[in-house]
There are 4 protein chains.
Amino acid sequence: MQGNFPQSDSWLPHRVSYGETDAMNVVYYAEYFHLFERSRNAWLRERNLSYRTIEERGIFLPVREANCRYRSPLRYDDLIYIRVGVQEWRRASILFVYEIYDETKTKILATGSTQHACVNAEGKPVPTPAWLSALEKCS
Amino acid sequence: MQGNFPQSDSWLPHRVSYGETDAMNVVYYAEYFHLFERSRNAWLRERNLSYRTIEERGIFLPVREANCRYRSPLRYDDLIYIRVGVQEWRRASILFVYEIYDETKTKILATGSTQHACVNAEGKPVPTPAWLSALEKCS
Amino acid sequence: MQGNFPQSDSWLPHRVSYGETDAMNVVYYAEYFHLFERSRNAWLRERNLSYRTIEERGIFLPVREANCRYRSPLRYDDLIYIRVGVQEWRRASILFVYEIYDETKTKILATGSTQHACVNAEGKPVPTPAWLSALEKCS
Amino acid sequence: MQGNFPQSDSWLPHRVSYGETDAMNVVYYAEYFHLFERSRNAWLRERNLSYRTIEERGIFLPVREANCRYRSPLRYDDLIYIRVGVQEWRRASILFVYEIYDETKTKILATGSTQHACVNAEGKPVPTPAWLSALEKCS
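Everything numeric here is computed off the predicted structure, so don't read it as measured data.

### A few points about the overall build of chain A
Thinking step 1. Broken down by element type, chain A carries three helices and five strands.
Thinking step 2. Mapped in sequence order, the helices and strands of chain A form the string β-α-α-β-β-β-β-α.
Thinking step 3. Taking 14 Å as the expected radius of gyration for a compact globule of 139 residues, we find that chain A reaches 15 Å, a close match to that expectation.
Thinking step 4. Across its three principal axes, chain A shows a C-alpha extent of roughly 45 × 30 × 20 Å.

### So, the pairing of strand E4 (residues 93-101) of chain C
All names here are of chain C.
Thinking step 1. Pairing geometry for strand E3 (residues 79-89) and E4, over eight bridges, is antiparallel. Across the sheet, residue Ile 82 finds its bridge partner in E4, namely Ile 100.
Thinking step 2. Where E3 folds back on E4, the antiparallel hairpin that results is connected by three residues.
Thinking step 3. The pairing of E4 with strand E5 (residues 108-117) spans nine bridges and is antiparallel. Bridge pairing links Tyr 98 to Gly 112 in E5.

### Topic: the sheet that holds strand E5 (residues 108-117) of chain A
Sheet strands line up and pair through hydrogen bonds in the backbone, either parallel or antiparallel.
Thinking step 1. One open sheet holds the 10 strands; their spatial order is E1(A)-E3(A)-E4(A)-E5(A)-E2(A)-E2(C)-E5(C)-E4(C)-E3(C)-E1(C), and the pairing between them is antiparallel. The strands lining the two open edges of the sheet, one partner per strand, are strand E1 (10-15) of chain A together with strand E1 (10-15) of chain C. Each strand axis lies, on average, 20 degrees off the axis of its neighbour in the sheet, ignoring direction.
Thinking step 2. Bridge count for strand E2 (residues 63-70) of chain A against strand E2 (residues 63-70) of chain C is five bridges, and the pairing is antiparallel. Each residue of the ladder has a partner; that of Glu 65 of chain A, found in E2 of chain C, is Arg 69 of chain C.

### What about the interface of chain C and chain A?
Thinking step 1. Across the contact, 15 residues belong to chain C and 15 residues belong to chain A.
Thinking step 2. Elements represented by at least two residues in the side of chain C that touches chain A include exactly helix H1 (31-46) and E2 of chain C.
Thinking step 3. No other element matches E2 of chain C, which puts eight residues into the side of chain C that touches chain A.
Thinking step 4. Residue composition of the side of chain C that touches chain A, by class: 10 nonpolar, two polar and three charged.

### Here we look at the relation of the copies chain B and chain C
Note: a rotation about an axis with an accompanying shift along it relates these two copies of the chain.
Thinking step 1. Rotating chain B by 180 degrees and translating it 0.0 Å along the rotation axis places it on chain C, where the RMSD comes to 0.0 Å. The two molecules are tied by a two-fold rotation axis, judged by turn and shift. It is His 14 of chain B whose C-alpha, among those of chain B, lies nearest the rotation axis, at 5.7 Å.
Thinking step 2. Of the residues that chain B buries at the interface, 100% are likewise interface residues in chain C, meaning the two copies contact each other through the same surface.

### Structural notes on the nonpolar core
Thinking step 1. Judged by nonpolar contacts, the single largest core of 137 residues is most densely connected at Phe 33 of chain A, Phe 33 of chain B, Phe 33 of chain C together with Phe 33 of chain D.
Thinking step 2. Ignoring anything within four residues of it in the chain, the contact list for Phe 33 of chain A reads Ala 66 and Cys 68 of chain A together with Tyr 29, Ala 30 and Phe 33 of chain C.

### Some details on the interface of chain B and chain C
By a frequent convention, interface size equals the accessible area lost on bringing the separate parts together.
Thinking step 1. Listed per partner, the contact involves 13 residues of chain B and 13 residues of chain C.
Thinking step 2. Looking at the side of chain B that touches chain C, the elements that each hand over two or more residues are helix H1 (31-46) and helix H2 (51-56) of chain B.
Thinking step 3. Looking at which element gives the most residues to the side of chain B that touches chain C, the answer is H1 of chain B, with four residues.
Thinking step 4. For the side of chain B that touches chain C, the residue count by class is three nonpolar, five polar and five charged.

### Things to note about H1 of chain B
Residues and elements named next belong to chain B.
Thinking step 1. Look at H1: 23 Å from first C-alpha to last across 16 residues, which is about the 22 Å you get at 1.5 Å a residue.
Thinking step 2. Among the 16 residues in H1, 12 count as buried, and that is most of the element.
Thinking step 3. Taken together, the buried positions of H1 are Glu 31, Tyr 32, Phe 33, His 34, Leu 35, Phe 36, Glu 37, Ser 39, Arg 40, Asn 41, Trp 43 and Leu 44.
Thinking step 4. After H1 finishes, the residue Asn 48 shows a positive phi value of roughly 65 degrees.

### Some points on the relation of the copies chain C and chain A
Thinking step 1. Rotating chain C by 180 degrees about the axis while translating it 0.0 Å along that axis superimposes it on chain A, leaving an RMSD of 0.0 Å.
Thinking step 2. Counting the interface residues of chain C, we find that 100% of their copies in chain A are interface residues as well, pointing to one common contact surface.

### Notes on the environment of Val 97 of chain D
Thinking step 1. Tracing the backbone through its elements, the reader meets Val 97 of chain D in strand E4 (residues 93-101).
Thinking step 2. Among the residues examined, Val 97 of chain D registers 21 C-beta atoms within 10 Å and is labelled buried.

### Brief notes about the sheet that holds strand E5 (residues 108-117) of chain B
Thinking step 1. What the 10 strands build is an open sheet, ordered E1(B)-E3(B)-E4(B)-E5(B)-E2(B)-E2(D)-E5(D)-E4(D)-E3(D)-E1(D); its pairing is antiparallel. Strand pairing shows two members of the sheet lacking a second neighbour, strand E1 (10-15) of chain B together with strand E1 (10-15) of chain D, which therefore form its edges. Going across the sheet, the axis of each strand differs from the next one's by a mean of 20 degrees, ignoring polarity.
Thinking step 2. Here strand E2 (residues 63-70) of chain D pairs with strand E5 (residues 108-117) of chain D via seven bridges, running antiparallel. Paired with Ala 66 of chain D across the two strands is Thr 114 of chain D, which belongs to E5 of chain D.
Thinking step 3. Across the sheet, H1 of chain B is in contact with E1, strand E2 (63-70), strand E3 (79-89), strand E4 (93-101) and E5 of chain B; its angle to E1 of chain B comes to roughly 135 degrees.

### As for the confidence of the model for chain A
Thinking step 1. For chain A, per-residue confidence averages 95 on the pLDDT scale, and 96% of positions sit at 70 or higher.
Thinking step 2. The complex model carries a pTM of 0.96, and its ipTM stands at 0.95.

### Considerations on unusual backbone geometry
Thinking step 1. With phi around 60 degrees, Asn 48 of chain A is a residue other than glycine that occupies positive phi space.
Thinking step 2. By secondary structure assignment, the location of Asn 48 of chain A is in the loop between helix H1 (31-46) and helix H2 (51-56).
Thinking step 3. For Asn 25 of chain C, which is not glycine, the phi dihedral falls at a positive 70 degrees.

### A short note on the environment of Ala 30 of chain B
Thinking step 1. Note that Ala 30 of chain B resides in the loop between E1 and H1.
Thinking step 2. For Ala 30 of chain B, a count of 26 C-beta atoms within 10 Å translates into the label buried.
Thinking step 3. Once the C-alpha coordinates of Ala 30 of chain B and Cys 68 of chain B are considered, the two residues, 38 residues apart in sequence, prove to be 9.3 Å apart.
Thinking step 4. For Ala 30 of chain B, the contacting residues outside a window of four places in its chain are Gly 19 of chain A together with Ala 30, Phe 33 and His 34 of chain D.

Rules used throughout
Residues numbered from 1 in each chain as written. Chains lettered and ligands numbered in written order. Predicted model: local features only at pLDDT ≥ 70, side-chain atom pairs only at ≥ 80, totals over all residues. Helix = DSSP H or I, 4+ residues; strand = E, 2+ residues; numbered from the N terminus. Rg over C-alpha atoms; globule rule 2.2 N^0.38 Å. Pairing = 2+ DSSP bridges. Axes fitted to C-alpha atoms, helices over the stretch in contact; angles between N-to-C directions. Contact = placed C-beta atoms within 7 Å. Nonpolar A, V, L, I, M, F, W, Y, C, P; charged D, E, K, R; others polar. Least-squares fit on C-alpha atoms with pLDDT ≥ 70 in both. Core = buried A, V, L, I, M, F, W, Y, C linked by C-beta atoms within 7 Å. Buried ≥ 20, exposed ≤ 12 C-beta atoms within 10 Å, placed from the backbone. Expected span 1.5 Å × (residues − 1). pLDDT = per-residue confidence, 0-100.

What follows is the structure, encoded as structure tokens:
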């Protein structure tokens with residue numbers, strides 16, 4: 001995925017805590033999705049928006065599908081980087097993609113994606129607002 | 001605490017999952033508070049109430065203080081029992097106490113407590129409703 | 001997926017706790033993977049094995065890929081069922097599949113899958129042991 | 001506790017994620033203990049040590065008791081600061097204390113403490129190493 005990662009990306013540094021690990025001495029597989037969320041928030045914030053503000057504008061982005069491929073384990077105290085970008089702005093959904101890198105930002109340890117619906121406060125699908133997809137051009 | 005545990009108690013069986021453990025090969029210390037919550041829910045449900053119903057009646061029980069003493073580690077796949085009861089019904093708060101037991105229900109592995117305020121939907125303290133403290137007499 | 005779900009399945013009941021929910025008032029998307037793990041453990045235990053025993057025999061099953069599709073939200077205090085089975089026994093990996101049902105066991109709320117490598121204590125891939133794939137015939 | 005907080009303290013900034021919140025729209029009470037752990041790690045790292053290194057030297061610091069008082073809720077996307085210090089170096093244990101502050105570092109939102117035993121790889125209590133308690137003088 002490294003070749004065609006979205007140009008308008010963000011990188012979030014993260015130090016692995018004990019609470020994220022499991023008895024196999026690596027980060028538990030569900031924790032990657034927490035990391036993905038943190039990086040989505042960072043992507044928005046780097047573009048002067050926050051998901052809280054999106055909600056305040058009446059738009060919610062519930063996850064419809066989530067995927068992760070685990071290549072090499074993350075261990076306690078590792079410094080890692082989560083790279084994030086938007087792969088696709090669809091009519092009523094958004095596809096975020098992720099790569100987790102080691103400390104040197106050269107080795108990919110995991111990749112993933114999350115697809116989000118665009119819904120209003122009643123949970124009804126709505127078109128992705130233009131002010132949201134316009135973020136793509138920021139960086 | 002074993003001697004004076006509240007009489008109207010409940011016991012919740014629980015099988016330790018991988019996701020609850022950490023790299024020290026034991027259950028991570030924050031996870032005990034999830035177990036306490038599960039046992040509080042079980043205590044209410046055994047008395048034909050649920051916390052969801054309490055909220056629907058306009059009462060919320062946010063945690064004001066939480067405490068846990070860790071005696072012996074819990075390991076992956078262990079079958080444990082969480083014992084729970086109400087130690088004190090105060091005017092506007094409730095004190096739950098907990099004991100975590102091994103599979104034989106004879107060895108205490110941890111003890112704890114959580115103090116909950118009684119508040120309304122606006123977060124204002126309200127007296128503990130009589131229908132709530134009356135649960136104590138059920139069992 | 002309902003049509004061709006593996007025949008040798010297991011069903012795990014689960015009551016949604018507060019700690020699994022998020023501010024959108026639904027179960028947080030990463031929590032589904034904890035539920036999947038719990039159901040895997042239940043599937044093994046119903047066949048008189050536990051993942052702990054598997055590890056004691058020198059076999060580890062790290063997750064290589066995980067996927068979840070979220071159809072309808074899970075809410076606090078909901079009673080749900082996680083259905084689990086093995087879709088494929090490959091030479092050196094195993095594909096578990098999942099369906100999450102509502103209380104009536106008729107409505108699918110989510111589906112998912114996890115692919116696990118078979119490795120030894122050194123992390124080297126090894127063929128799936130015959131005593132493991134033989135579990136498929138138990139039920 | 002503000003008055004007599006240990007002088008050799010550290011401050012860890014933290015942005016609240018969705019995964020840390022619950023259906024009451026605030027950070028779930030167990031999550032505070034994850035934050036405490038992150039701040040302990042930061043305290044060590046600011047003194048040029050990491051808990052991983054401590055373990056590599058054969059010393060483990062399992063939590064024996066944990067406590068948190070919740071004063072004001074933390075909400076999604078809040079920027080908070082976790083202040084951490086060592087209140088007491090006992091013969092074979094260490095007492096960490098914590099304060100969680102709002103964005104302005106003026107309002108205390110929560111306080112807490114964790115007591116850690118000093119044990120070797122076999123889990124036997126050992127005296128707190130001098131190279132560990134010497135960290136107190138770093139800052």
